[in-house]
Amino acid sequence: MKTMTIEEKCIDTIRCLAMDAVQKANSGHPGTPMALAPAAFVLWTEHLRFNPQHPGWLNRDRFVLSNGHASMLQYAVLHLTGYDISLDDLKQFRQWGSNTPGHPEYRLTPGIETTTGPLGQGIMTAVGMAMAEAHLAALFNRDDAKIIDHYTYVFCSDGDLMEGASHEAASIAGHQGLGKLICLYDNNHITIEGNTSLTYSDDVAKRFEAYHWHVQDLGDNANDLKAISAAFEAARAVTDKPSMILLRSHIGYGSPHKQDTPEAHGSPLGADEIRLTKAFYGWPEDQDFLVPEDVKAYMGKAVNKGKDTEQAWNALLQEYKTKYPDLYQQLEQFITQKLPAGWDHDVPVYKPEDGPKATREISSAFLNAVASKVPWLIGGSGDLEPSTLTLIKSSGYFEKGNYANRNIAWGIREHVMCAATSGLQLHGGVRAYAATFFIFTDYARPAIRLACIMELPVIYVMTHDSIGLGEDGTTHQPVEHLASLRAMPHMCVIRPGDANEAAWAWRTAITRTGGPTMLVLTRQKLPIADRSQLAPASGLQQGAYILAKENGDMPDIILIATGSEVSLVLEARERLQQEGIDARVVSMPSWELFREQSEDYRQQVLPPAVKARLAVEAGSPEGWEQWLGEKGTMIGISHFGSSAPAKELFKHYGFTVENILDKATKLVKHEKAHRI
């Protein structure tokens, strides 16, 4: 091994570990880790505040690898700085059961703050992390006690910045003046298809300056440690703007035949090329996964440094506890988010005489009834608050200079809204919600999917849930959305059928911590079910429950409905009873919650012996067969809607009591004839 400084040795260790892991896996992206190893080294050893032995320490700096395909860069650095990632873990890169998957995954690997891979997601999520830091700092810091004081760092690529998602992130972060968000742009000029000049000629510096970011262009200095370190220092000194550092790097740095080529991006370099590259570094050519002892010692200093850094903060926290005991207690509540006794006692209980109410109205009433008892609840709407009704009325808007406020005005940026909401949740200390029209989940689906992958307990408040929104027409009427979101693992979709179910839907969302909850709410007013005659709305917690029981021992037919259609089947049941057909009504606001119940409970609600079943839902019938069985049928929508008043639409698409009666009667007759 040639003579080199310890810094150079550490950097080449990172590079070689990345090359070796990708080669062993026969899969992966070696080129970017090789190019960005100096920047990562500088950040981890000189600027990033973290404790490898306590990755979840509250006041740590956050790091997001938005170009998640470069995951071996992060795994190598985490290993070298003392996180619980072994050399064997690096050798199992991209293999079954390993904690070093192809793209970074939150919960799986120590030190990974968020799942990344789909380009643009990381930088958007990081915006939420920086917002959470700003919010908590504004609430709890005092001049003599900056108890919340950390940065969010992002590495991003040309792919991240090509994605439209990055524009949403840049715009809202610059507008809000998130000064503790620092991004490094790896401008390596290469994508899978070739040089970025094929598709990309943006002036990135001017673009981000126009978005009110502090911008530094380091030029072709990806190996200049002093320049990179100085850029991070300068970025930290700018407190009223997020920062973007442009760095011209060379993908596959040191590879004689593959540097600056697409071949270095997403494929192993090959054994011969790795030997040549190691020779260029002055590295032992035939030693794989080599970590020299002096490199272990040098980068391993992060363990004691991190311990000391956290201990110093803990000492500050104890002083804070003495000086500001009330604030300390509140901070603990924000961190643990333990709901106080009686947190929901002010939520109204609704009666039929209160008149029909849209479930979005009830959502608003619930949110404001609990806001003072759940002060860590924060969120907002994608420029639709007058329609989604998601404003916390006791607070103003989160904005530059007013970060303590709880309402976030996202503007018409649904994608960053949902990704940054995940970032808020990932940061900790807040419970985040996001709101828009149900149809516009289309704009945010990648971020919603990542929230599901990470099992984050974010709350989505999605209003205007069906053709019931009426005149806005086809483009605004969600048809396939219930089916598609129910198909998303870890998502809990709840479509309440009246005011009291809507209140219980919010209760369920707030107490549920195993993944995202989506409340799907109506624009139109719905009748309030008479709970003195029907089952209590608390049955919503089971996902499906017997709302109206049959008169005999076993019903002739089971009518199943969600949302606005529940009132229709209740009315149809009364008419069926008059015709001698004994019907049971099952309200089924959440398939996911129902699946969580015991088999005994599910069979009590939907007895296998009752084959005549009719489901009614103003959406796609996809998936309903699991609840209808072989002989049940469905009134749903298998095509796009139309522009007309809601009542007209429901009539034309068959969501009427008369159509339900006709379908139900035929089902019962057919079943009785079959039994004979």
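Each chain has its residues counted from 1, running along the sequence as written. Thresholds applied to this predicted model are a pLDDT of at least 70 for local features of residues and 80 or more for the giving and counting of side-chain atom pairs; totals over whole chains, interfaces and linings are not thresholded and use all residues. As a rule here, side-chain values come from all non-hydrogen atoms in the structure, and water together with hydrogens is ignored.

### Re the overall build of the chain
Argument step 1. Broken down by element type, the chain carries 24 helices and 18 strands.
Argument step 2. Overall, the C-alpha framework of the chain stretches about 95 × 60 × 45 Å when taken along its three principal axes.
Argument step 3. Remark: exposure states derive from per-residue accessible area (1.4 Å probe, protein chains only) relative to the maximum for the residue type, with buried under 20%, exposed over 50%, and partly exposed in between. Among the 676 residues that make up the chain, the fraction classed as buried is 61%.
Argument step 4. Here the chain displays about 25,800 Å² of accessible surface, and carbon together with sulfur accounts for 49% of that area.
Argument step 5. The charged-residue count follows a simple rule in which Lys and Arg add positive charge and Asp and Glu add negative charge, with His and chain termini not counted at all. Where a charge sits is defined by one atom per residue type, namely NZ (Lys), CZ (Arg), CG (Asp) or CD (Glu). Here the chain carries 63 positive and 81 negative side-chain charges, and the mean point of each set is 4 Å from the other. Helix and strand definitions follow DSSP, with helices as H or I runs of at least four residues and strands as E runs of at least two, each counted in order from the N terminus. Surface accessibility in these figures is a Shrake-Rupley result with a 1.4 Å probe; residues are shielded only by whichever protein chains are displayed.

### Quick look at the state of the cysteines
Argument step 1. Criterion for a disulfide: a pair of cysteine sulfur atoms at a distance within 2.5 Å. Scanning all chains against the criterion turns up zero disulfides.
Argument step 2. In this model Cys10 remains outside any disulfide bridge; the closest cysteine sulfur is found in Cys16, 12 Å from its own.
Argument step 3. Residue classification places Cys16 among the buried positions, given a relative accessible area of 1%.

### Digging into the side chain of Arg360
Argument step 1. Its location among the elements puts Arg360 in helix H13 (residues 359-370).
Argument step 2. The side chain of Arg360 is buried and forms no salt bridge, while Glu361, the nearest opposite charge, is found at 6.0 Å.
Argument step 3. Residue contacts follow a heavy-atom distance rule, with two residues in contact if any of their heavy atoms lie within 4.5 Å. Those residues within four positions of Arg360 in sequence are excluded, and the remaining contacts are Ser387, Thr388, Leu389, Thr463, His464, Leu521, Thr522 and Arg523. Any Lys or Arg side-chain nitrogen found within 4 Å of a carboxyl oxygen on Asp or Glu counts as a salt bridge.

### Some details on the packing of aromatic side chains
Argument step 1. A pair of aromatic rings is counted whenever rings of Phe, Tyr or Trp (Trp by its six-membered ring) have centres within 6.5 Å, and the orientation is called stacked for planes under 30 degrees apart, edge-to-face for over 60 and tilted otherwise. Taken as a whole, this structure holds 26 aromatic pairs when the rule is applied.
Argument step 2. For the ring pair Phe63 and Phe155, a centre distance of 5.0 Å and an interplane angle of 85° mean the geometry is edge-to-face. Of this pair, Phe63 sits in strand E1 (residues 62-65) while Phe155 sits in strand E2 (residues 152-157), placing them 92 residues apart in sequence. In this structure, Phe63 and Phe155 share a single accessibility class: buried.
Argument step 3. Ring geometry for Tyr253 versus Phe280: centroids 5.8 Å apart, planes at 75°, classification edge-to-face. You can see Tyr253 sitting in the loop between strand E7 (243-247) and helix H10 (271-281) and its partner Phe280 sitting in helix H10, a full 27 residues away along the chain.
Argument step 4. Positioned above the aromatic ring of Tyr151, the side-chain terminus of Lys180 is 5.6 Å from the ring centre.
Argument step 5. Note that Arg486 overlies the ring of Trp591, its terminal NZ or CZ placed 4.1 Å from the centroid. Placement of a positive charge over a ring is assigned whenever Lys NZ or Arg CZ falls within 6 Å of the ring centre and within 35 degrees of the normal to the ring plane.

### Section: the domain arrangement of the chain
Argument step 1. Marked domain ranges trace back to an automatic or database domain assignment. Looking at the assigned domains, one finds that the chain contains domain 1 (6-306), domain 2 (352-520) and domain 3 (539-675).
Argument step 2. Of note, the centres of domain 1 and domain 3, computed from C-alpha atoms alone, are 53 Å apart.

### Observations regarding the UniProt feature "site: Important for catalytic activity" (unreviewed entry) in the chain
Argument step 1. Residues annotated by UniProt as "site: Important for catalytic activity" (unreviewed entry) correspond here to His29 and His265. Maximum C-alpha separation among the annotated residues is 5.3 Å over a sequence range of 237 residues, consistent with a single clustered spot.
Argument step 2. Along the chain, His29 turns up in the loop between helix H1 (6-25) and helix H2 (31-47).
Argument step 3. Excluding residues within four positions of it along the chain, His29 makes contact with Val22, His69, Arg94, His265 and Gly266.
Argument step 4. Nitrogen and oxygen atoms within 3.5 Å of one another constitute a polar contact, given that in protein one can donate a hydrogen and the other can accept it, and given that sequence-neighbouring residues count only through two side-chain atoms. A polar contact is formed between the side chain of His29 and the side chain of Arg94, at a distance of 3.4 Å.
Argument step 5. Its location among the elements puts His265 in the loop between E7 and H10.
Argument step 6. The residues contacting His265, other than those within four sequence positions of it, are Gly28, His29, Pro30, Gly31, His69, Ile192 and Ile251. UniProt positions are given in the numbering used here, feature names are shortened, and annotations may be inferred rather than shown by experiment.

### Re the packing of H2 against helix H9 (residues 225-237)
Argument step 1. With axes taken as lines fitted to C-alpha atoms, and helix axes fitted only over the stretch in contact, angles between N-to-C directions fall between 0 and 180 degrees. Close contact between H2 and H9 brings their axes to 9 Å; oriented N to C, the two are set at 55°. Put simply, H2 runs oblique to H9. Every pair of crossing elements has a handedness; the one defined by H2 and H9 is right-handed. Across the interface between the two elements, Pro38, Ala39, Phe41, Val42, Leu43, Glu46 and His47 from H2 touch Leu225, Ile228, Ser229, Phe232, Glu233 and Arg236 from H9.
Argument step 2. Under the convention adopted here, Pro, Cys and the residues Ala, Val, Leu, Ile, Met, Phe, Trp and Tyr are nonpolar, Asp, Glu, Lys and Arg are charged, and Gly plus all remaining residues are polar. Among the residues making up the contact of H2 with H9, the classes are represented as eight nonpolar, two polar and three charged. For classification purposes, angles smaller than 35 degrees are called roughly parallel, those larger than 145 roughly antiparallel, those between 65 and 115 roughly perpendicular, and all remaining angles oblique. Two helices cross in a left-handed way if the nearer one is turned anticlockwise from the farther one by less than a right angle. They cross in a right-handed way if the turn is clockwise.

### Examining the environment of Ala315
Argument step 1. Checked against the element boundaries, Ala315 lands in helix H11 (residues 293-323).
Argument step 2. The sequence separation of Ala315 and Gly219 amounts to 96 residues, and the corresponding C-alpha distance is 42 Å.

### Describing the UniProt feature "active site" (unreviewed entry) in the chain
Argument step 1. Mapped onto this numbering, the UniProt entry gives "active site" (unreviewed entry) at Glu414.
Argument step 2. Note on placement: Glu414 falls in helix H15 (residues 414-427).
Argument step 3. With relative accessibility at 7%, the residue Glu414 sits in the buried group.
Argument step 4. In this structure, Glu414 is in contact with Glu168, Thr436, Phe440, Tyr443 and Ala444, ignoring residues within four places of it in sequence.

### Examining a negative patch on the surface
Argument step 1. A residue counts toward a patch only above 30% relative accessible area and without a salt bridge, and it is joined to like-charged neighbours within 9 Å or, for Val, Leu, Ile, Met, Phe, Trp and Tyr, to nonpolar neighbours within 5 Å. A contiguous patch of negative charge, built from Asp202, Asp203, Glu209 and Asp217, is present on the exposed surface.
Argument step 2. Among the secondary structure elements, Glu209 is positioned in helix H8 (residues 204-210).
Argument step 3. Looking at Glu209, the relative accessible area reads 45%, which means it is partly exposed.

### Examining the packing of H11 against helix H12 (residues 325-336)
Argument step 1. For the pair H11 and H12, the least separation of the axes is 5 Å and the interaxial angle reads 120°. On the basis of the axis angle, H11 is oblique to H12. Counted together, Leu317, Tyr320, Lys321, Thr322 and Lys323 of H11 and Pro325, Leu327, Tyr328 and Leu331 of H12 form the full contact between these two elements.

### What to know about the nonpolar core
Argument step 1. Formed by 110 residues in total, the largest nonpolar core has its most connected members in Leu181 and Tyr460.
Argument step 2. For this core, the element with the most residues is helix H5 (residues 121-140), which contributes twelve residues.
Argument step 3. If near-sequence neighbours (up to four positions away) are discounted, Leu181 is found in contact with Ala126, Val127, Ala130, Thr152, Val154, Ala173, Trp213, Pro242 and Ser243.
Argument step 4. Buried Ala, Val, Leu, Ile, Met, Phe, Trp, Tyr and Cys residues that are joined via side-chain atoms within 4.5 Å together make up what is termed a nonpolar core. Listed in part, the 51 residues of the second largest apolar core include Leu78, Tyr83, Tyr153 and Val291.

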